[in-house]
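What follows is each chain in one-letter form.
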Amino acid sequence: MDWREGALIEAEKHHAVVLKFGSSVLRSEDDLPSAVHEIYRAWRDGAQVIVVVSALGDATDQLLRRASRICEQPEPAALAALLATGEATTVALLGLALDRAGIPTRILDPAQAGLRTRGDRLDAELVAVDLERLRAELQQGVVVLPGFVGRGEHGETTLLGRGGSDFTAVFLAQRLGARCILFKNVDGLYTADPAAVSWGQPRRFARATWETAKRVGGGIIQPKALDFAAAHRFSFIIAAPWATVWTEIGAGPDEYATERTPAMPVRIALLGCGTVGGGVYSRLAALAGQFEVIGVSVRNRERALSVGVPEGLIVQDPEALIDKPCDVVVELMGGLEPAATLVERALRARRHVVTANKALIAAKGEHLIALAAENGVRLAYSAAVGGALPALEAVARARAAGPIRSLSGVLNGTTNFILDQLASGMSWDEAVRAAQEEGYAEADPSLDLDGTDAAQKIVLLARAAFGVNLSLDEIEREGITRIDAAEIARARAEGKMIRLVASCERTADGVNARVRPQHLPQSHPLASTAGIENRLLIEPEAGAPLLIAGKGAGRWPTTESVLADLFDIRWAAQQVSSNEEVEECIA
């Protein structure tokens, strides 16, 4: 079990995890997608996520220089207001990046979060937070906050000093009873700064006390954050993004970690470079230290070149690409054939497989899952249901907690988008064309419009919820092709919304599943689903229902889900354990 799994086990217990991204890891806007990957994995795995950020790169220093050019000794109130804009900008940009990835996000400023301070306006101490507001916002999505900004006793803008985002993250986690992870540009606490040592090799701590961290940290952690953590006996983790090692700061004792051989990049064979494939390739290329694309099999060479695939990586023969030395085959071709034959070939060759192909998994999932197990590899297909919507993960957690009574959801973003366009006054043809222009509908959208796409997804969800393997023929299916703007207007006049709902439930006769348009009262949790958003309502036999939401269509939401599966395989393959070998530190 790696530290992320441990953090998420704690998050399940406490229902929250605080992730802090400082300026050393958010050096520019180009680093925002990497932060999104970490956030998405935590959110997908069931944690309520609070993200604390610093200003990008040297933005704070630039603002300080601007202030000094105007006034040699800036007045504290004006300076605090100016420096706060750096973090406000990062919060907004990260919110946009999360939205692009399909993750529901709530952006709060210090006043909305109730972050109250006392003391020096430019080096204040946090004393309070509005926990009720935070918990309410966490029910709606990921919460993003600026790190070193608060509000004084009279509502004035205050700053928490250099590195104040560490303090905010630790403070929030302690108050919420959550796990806390501080992401830095180093993979833990060392006996000396690895970048500054010209001889020898500093040793990394597996665990260190608050006092040791303050003594040897060299500014990696804000002293006020360490003092607060020590006073409240609160432990937290320091790690680098995607790292497989870390340091736990807490009560100790101090222990050195045994050095490990650096992990090699995971070798990826990519089958398909269309809308989603192009997005996946671009992110893998940006993560060269973690992944290596060994080849891209495409039918349209020019399209692959247009998204930056080098000529030397483009191959025409997907079977030959699978046979090359690689660790994971990512199948993003779509359809049953040749995808089924190629996935079987990959699994028999002991390659892990990641796919977003719902048609394939619905039709042949039982066989392919067994084949993967037989060959000791993993078949991952989170993206096959709802893009960024963590549907399969949520159902698996719910089933582990107890029997599930029923599932119902708006699982097709294309039909949802079209229904909204019809409601706005568009004709049927105009609505379909708008969906195609936005990239939400294929050139032939019939599988979306007749309910087949949603039915394929409910097959996968029924398998996860009830352990049954339904065929498409067993699912009562009606699409939206008979619905027009007049019917939508009549429904709205009655206080109802029309949504294409896919559902399955356990009955005395087995599991029944259906896809059909429903006139839902506006109070229904699925009624307010808008645009390409997907929602899934999980109702257990005992306990409260669970509602999850996320963007279910588009390049980047699906890319995010594929990347999460790849990161899971990467960490599992490296067999990193939170019980890494350690050596007691003797002073």
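Rules behind the numbers
Residues numbered from 1 in each chain as written. Predicted model: local features only at pLDDT ≥ 70, side-chain atom pairs only at ≥ 80, totals over all residues. Heavy atoms only, no water. Helix = DSSP H or I, 4+ residues; strand = E, 2+ residues; numbered from the N terminus. Buried < 20%, exposed > 50% of the residue type's maximum accessible area, 1.4 Å probe, protein only. Contact = heavy atoms within 4.5 Å. Core = buried A, V, L, I, M, F, W, Y, C linked by side-chain atoms within 4.5 Å. Expected span 1.5 Å × (residues − 1). Pairing = 2+ DSSP bridges. Axes fitted to C-alpha atoms, helices over the stretch in contact; angles between N-to-C directions. Salt bridge = Lys/Arg side-chain N within 4 Å of Asp/Glu carboxyl O.

(A) Up close: the environment of Pro 110. Relative to the elements of secondary structure, Pro 110 occurs in helix 5 (residues 110-113). Classification of Pro 110 by relative accessible area gives buried; the value is 5%. Not counting chain neighbours up to four residues away, the residues in contact with Pro 110 comprise Leu 115, Pro 146, Val 149, Gly 150 and Arg 151.

(B) Fine view of the nonpolar core. Of all hydrophobic cores here, the largest spans 71 residues; its most connected members are Leu 407, Leu 460, Leu 461 and Leu 536. Not counting residues within four places of it along the chain, the set of residues in contact with Leu 460 comprises Lys 358, Ile 361, Ala 362, Tyr 381, Ala 384, Val 385 and Leu 392.

(C) Expanded view of helix 2 (residues 32-44). Helix length check: helix 2 (13 residues) gives 18 Å between terminal C-alpha atoms against 18 Å at 1.5 Å per residue, within 8%. Downstream of helix 2 by a residue or two, Gly 46 has a phi angle that is positive, lying close to 105°.

(D) Summary view of the pairing of strand 10 (residues 205-209). Most of strand 10 sits out of view: four of its five residues are buried. Sheet topology note: the strand 10/strand 13 (residues 255-257) ladder contains two bridges and is antiparallel. Counted as the bridge partner of Arg 207 is Glu 255 from strand 13. Taken together, the three bridges between strand 10 and strand 12 (residues 247-250) define a ladder with parallel strand orientation. Within the sheet, the bridge partner assigned to Ala 208 lies in strand 12 and is Ile 249.

(E) Here's a closer look at the sheet that holds strand 16 (residues 314-315). Strand order in the open sheet made by the six strands is 16-15-14-17-18-19, with parallel pairing throughout. At either margin of the open sheet sits one strand with a lone partner, and together these are strand 16 and strand 19 (379-380). Relative to strand 17 (residues 328-331), strand 14 (residues 266-271) runs parallel, the two being bridged by four bridges. When the bridges of strand 17 are listed, Leu 270 appears paired with Val 330. Helix 21 (residues 555-574) contacts strand 14, strand 15 (291-297), strand 17, strand 18 (352-355) and strand 19 of the sheet and is inclined by roughly 165° relative to strand 18.

(F) Molecular detail of the pattern of salt bridges. According to the stated counting rule, one finds 29 salt bridges in the structure shown. Across the salt bridge formed by Asp 568 and Arg 41, the nearest N and O atoms sit 2.4 Å from each other. In this pair, Asp 568 sits in helix 21 while Arg 41 sits in helix 2, placing the two residues 527 residues apart along the sequence. A relative accessible area of 14% means that Asp 568 is categorised as buried. Here Arg 405 makes a salt bridge to Glu 541, at a shortest N to O gap of 3.9 Å. With Arg 405 in strand 20 (residues 404-410) and Glu 541 in the loop between strand 24 (533-540) and strand 25 (546-551), this pair connects stretches of sequence that are 136 residues apart. You can call Glu 541 partly exposed: its relative accessible area is 38%. Within this structure, Arg 41, Arg 44, Asp 45, Arg 378, Glu 393, Asp 565 and Asp 568 form a network of salt bridges that share partners.

(G) Spotlight on the pairing of strand 24. With seven of eight residues buried, strand 24 lies mostly within the body of the structure. Two strands pair when backbone bridges link them, and strand 20 and strand 24 are joined in this way by six bridges, in the antiparallel orientation. The partner of Ser 408 across the bridge, within strand 24, is Leu 537. From the end of strand 24 to the start of strand 25, which pair antiparallel, there are five residues, and Gly 543 there has a positive phi angle of about 100°.

(H) Focus on the sheet that holds strand 23 (residues 510-521). On the basis of which strands lie adjacent, the open sheet formed by six strands has the order 21-23-22-20-24-25 and mixed pairing. Each edge of the open sheet is held by one strand with a lone partner, namely strand 21 (476-477) and strand 25. Across six bridges, strand 24 lies against strand 25 in antiparallel orientation. Across the sheet, Ile 538 pairs through a bridge with Leu 546, a residue of strand 25. Sheet strands touched by helix 20 (residues 485-493): strand 22 (496-507) and strand 23. Its angle to strand 22, the strand with the most contacts, is close to 85°.

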